[in-house]
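# Understanding the architecture of this molecule
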Amino acid sequence: MAFQNILLETKDRVAILTIHRPDKRNALNQQTRDEILQALDDLQTTEIRVLVITGSGDKAFIAGADIGEFEGRTALTQRDVMKQRRIFDAVEEFPRPVIAMINGFCLGGGMEFALACDIRIAAESARLGQPEINLGIIPGGGGTQRLTRLVGEGKAMELILTGDLIDSAEAKAIGLVNDVVPAAQLQERVMALAARIAEKSPVALRMAKEAVKSASRMNLREGLDRETDLFCLTFSSEDKAEGVRAFFEKRKAEYKGR
Ligand code: COA
């Protein structure tokens, strides 16, 4: 599939998926969502170890769902759209670490897409929010759930009820983004982080992601049991043998993802 609304490049086992509709502030329309899903499927069969998601240009990460598509939609037609496979779930289930490189406005569905990623790094110039309330609707891509789990009910409620945007410093203070960096250094800093993660065992990364995700999906007892299962599973990998051997041989481990 030739993509029109996204760009895909790979550098040193790190893939960068760029939403490319800069004149629409990278708003997510149906075609863009289809292309993202296709790209996520394609990337699963490659050797990439980390995925970075960002937006084209210097204004927006993603300014939300394409509001133009809401016009004329009824509850029933919107429900049909939402029954389709969703990018938020696909990125959360993607079996590699995913970093959101937030280079500008990160709003509505864009915020929800970032929330589904594993780590969020924002430029100082970024602005984040769930402004759906200003359109007479509410977040529908997981915002009420993932945002609440990440920053707590009080702050999530404030952001969702007011629709106010916050700057990246505040986003960091409430735990919404992991780090804030000057816009000019954003790509370099994110790629350095991705490169460090890409050196780890892909098997362990996959198990770690699944185990951490279990914390918000299960109760504590189930989550601890899931962690035990995934921990034991890593003992079946060649990567575990290599990691332990490399420790005693005082050298850097060379992980193969097996
Ligand atoms: N859906 C569709 N089009 C969008 C969009 C969205 N979510 N966000 C921006 N655009 C379009 C604008 O309509 C405009 O199109 P035009 O040039 O054909 O008029 C273009 O992108 C540029 O937007 P503009 O508002 O002129 O840019 P700005 O830099 O002044 O402001 C935003 C950027 C993101 C603050 C502003 O566009 C905005 O508030 N967008 C909507 C955000 C939102 O409510 N998202 C939640 C959707 S559920």
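Just so it is clear, the model here is predicted, and its values are computed rather than measured.

A full pass over the atoms with the stated rule returns 3 aromatic pairs. Pairing Phe 88 with Phe 113 gives two aromatic rings, centres 6.3 Å apart and planes at 80°, and the pair type is edge-to-face. Of this pair, Phe 88 sits in helix H3 (residues 87-93) while Phe 113 is found in helix H4 (residues 109-116), placing the two residues 25 residues apart along the sequence. Taken as a pair, Phe 88 and Phe 113 share a single burial class, namely buried. Relative to Phe 235, the ring of Phe 231 lies with its centre 5.1 Å away and its plane at 70°, an arrangement referred to as edge-to-face. Using a relative accessible area of 47% as the deciding quantity, one classes Phe 235 as partly exposed.

Here we come to a nonpolar patch on the surface. Among the surface-exposed residues, Ile 67, Phe 70, Leu 135 and Ile 137 lie close enough to one another that they form a single nonpolar patch of about 320 Å² accessible area. Within the element layout of this structure, Ile 137 appears in the loop between strand S8 (127-129) and helix H5 (143-151).

In spatial order, the strands read S4-S6-S8-S9; together these 4 strands make up an open sheet with mixed pairing. Among the strands making up the open sheet, the edge pair consists of strand S4 (60-62) and strand S9 (166-167). Both strand S6 (residues 105-107) and S8 contribute to a ladder of 2 bridges, which runs parallel. Bridging across to S8, Cys 106 finds its partner in Leu 128. Each of S4, S6 and S8 touches H4; the most contacted strand, S6, lies at about 90° to it.

Conventions used here
Each residue is numbered by its place in its chain's sequence as written, counting from 1. Given that this is a predicted model, residues contribute local features only at a pLDDT of at least 70 and side-chain atom pairs are listed and counted only at 80 or more, while totals for whole chains, interfaces and linings are drawn from all residues. Note: side-chain values were computed over all heavy atoms of the structure, leaving out hydrogens and water. Two aromatic rings from Phe, Tyr or Trp, using only the six-membered ring of Trp, form a pair when their centres are within 6.5 Å; if the ring planes differ by under 30 degrees the pair is stacked, by over 60 it is edge-to-face, and anything between is tilted. In this description a helix means any DSSP run of H or I spanning at least four residues, a strand means any run of E spanning at least two, and both kinds are numbered starting from the N terminus. Burial here depends on accessible area, computed with a 1.4 Å probe over protein chains only, as a share of the maximum for the residue type. Under 20% is buried, over 50% is exposed, and the range in between is partly exposed. Patch rule: a residue counts if its relative accessible area is over 30% and it has no salt bridge; like charges are joined within 9 Å, and nonpolar side chains (Val, Leu, Ile, Met, Phe, Trp, Tyr) within 5 Å. Working definition of accessibility: Shrake-Rupley area with a 1.4 Å probe, residue cover restricted to the visible protein chains. For this analysis, a salt bridge means a side-chain nitrogen from Lys or Arg found within 4 Å of a carboxyl oxygen belonging to Asp or Glu. For two strands to count as paired, DSSP must find a minimum of two bridges between them. It only takes one pair of heavy atoms within 4.5 Å for two residues to be counted as in contact. Between N-to-C directions, angles cover 0 to 180 degrees, with each direction set by a line fitted to C-alpha atoms, over the stretch in contact for helices.

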